[in-house]
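Here are the chains, one letter per residue:
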Amino acid sequence: MKKFIILIILAFSAFTANSQNIQLHYDFGRNLYTDEEATRQKVTVTLEQFKADNWGSWYYFVDVDLSRKETLGAYTEISREINLFKKLPLAAHVEYDGGLGSRNGSYQQAALAGVAYNGNTPNYTATWSLQLLYKRFFKSYDFNTAYNSMQLTGVWGVHFFNRKMSFSGFIDFWRGQKADGHGQLVVLSEPQLWYNFTDHLSLGSEVEISNNFIYNTVNDKTFFVNPTLAVKWNF
């Protein structure tokens, strides 16, 4: 689940060359931070897909945030990786991030390009990716500005108990920009823990851990931990 700009959660938790799932998350953030996150969505639907081919892979996800009265926003990330060598697991990575919101009109769009180092165990019970990316934020609406940035991303997937349990997620570090133009380090991580009842149905949780990521006008708090209760269907 992602709300603004994040890593690409490159879907190495998938075991096949083509994997698609849909997730339904109930978010407890508004209950934990009644002042700072009073308008945070309670329900998010996520559709994601990973597809490998002879050249590399495609990945995308779409987050749709819902309230009782309206769709609050739809955010998407789509990326393409092209393998650079046959024996060295390096890939060129390009990505687009953006979306629409009912309150601000749009999320700030960004384009990313860089390299990824990808790996896995022989039986794919553990997978990982480390990405170093140049990031260009675009001026998406009146009260933000275009600027250059860098992003470091780590992605992991671990499966245990005969694949009955899955622990996956990502962590992002990037240079954000304050309203006064000064830079700041933004950190975002979203680990997920799932119990896989079948090959298709999973129940679990995601925890969004962030610093300097959530837009907070109430006080000077920058660090937030927002857990969810979730169900996932793998197609």
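Computed from a predicted structure; not experimentally measured. (Residues numbered from 1 in each chain as written. Predicted model: local features only at pLDDT ≥ 70, side-chain atom pairs only at ≥ 80, totals over all residues. Heavy atoms only, no water.)

### Concerning the pattern of salt bridges
For clarity, the cut-off: Should a side-chain nitrogen of Lys or Arg be within 4 Å of a carboxyl oxygen of Asp or Glu, the pair is scored as a salt bridge.
Taken as a whole and judged by the stated rule, the model has 4 salt bridges. Several salt bridges converge on common partners, so that one network encompasses Asp-27, Glu-37, Arg-40 and Glu-208.

### Regarding the pairing of strand β8 (residues 147-160)
Heads up, the condition is: We treat two strands as partners when DSSP finds at least two bridges between them. In DSSP terms, a helix is any run of H or I states spanning at least four residues, a strand is any run of E spanning at least two, and both are numbered starting from the N terminus.
Inspection of the sheet shows strand β7 (residues 126-137) paired to β8 by 12 bridges, in the antiparallel sense. Across the sheet, Arg-136 pairs through a bridge with Asn-148, a residue of β8. Sheet analysis places β8 next to strand β9 (residues 165-177), joined by 10 bridges and oriented antiparallel. Paired with Gly-154 across the strands is Ile-171, a residue of β9. Hairpin connection of β8 to β9: 4 residues between the antiparallel strands, including Phe-161 at a positive phi of 55 degrees.

### Comments concerning the packing of aromatic side chains
Note the cut-off: Think of it this way: a Phe, Tyr or Trp ring, Trp meaning its six-membered ring, pairs with another when their centres are within 6.5 Å, and the plane angle makes it stacked under 30 degrees, edge-to-face over 60, tilted otherwise. Summary of the burial criterion: residues with accessible area below 20% of their type's maximum are buried, those above 50% are exposed, and those between are partly exposed, where the area comes from a 1.4 Å probe applied to protein chains only.
One pass over the full model with this rule turns up 10 aromatic pairs. With centroids separated by 5.2 Å and ring planes inclined at 70 degrees, the aromatic side chains of Tyr-26 and Phe-28 adopt a geometry described as edge-to-face. Judged by relative accessible area, Tyr-26 falls into the partly exposed class, the value being 33%. A relative accessible area of 30% means that Phe-28 is categorised as partly exposed.

### Quick word on the environment of Phe-173
Rule in force here: Contacts between residues were defined by any pair of non-hydrogen atoms, one from each residue, lying within 4.5 Å.
Note that Phe-173 resides in strand β9. Using a relative accessible area of 31% as the deciding quantity, one classes Phe-173 as partly exposed. Separated by 21 residues in the primary sequence, Phe-173 and Leu-152 have C-alpha atoms spaced 5.2 Å apart. Beyond its immediate stretch of four places on either side in the chain, Phe-173 contacts Met-150, Gln-151, Leu-152, Leu-185, Val-186 and Val-187.

### Comments concerning the pairing of strand β3 (residues 56-66)
Where strand β2 (residues 43-52) and β3 come together, 10 bridges link them in antiparallel fashion. Looking across to β3, one finds that Val-43 is bridged to Leu-66. Linkage of β2 to β3, two consecutive antiparallel strands, is achieved through a turn of 3 residues. In this structure, β3 lies alongside strand β4 (residues 71-83), joined through 11 bridges in antiparallel fashion. Paired with Phe-61 across the two strands is Glu-77, which belongs to β4. Hairpin connection of β3 to β4: 4 residues between the antiparallel strands.

### Examining unusual backbone geometry
Residues other than glycine seldom take positive phi values, yet Phe-161 does so here, at roughly 55 degrees. Within the secondary structure, Phe-161 sits in the loop between β8 and β9. Despite not being glycine, Asn-162 has its phi angle at roughly 55 degrees, a positive value. Its location among the elements puts Asn-162 in the loop between β8 and β9. Residue Asn-162 is classed as exposed on the basis of its relative accessible area of 76%.

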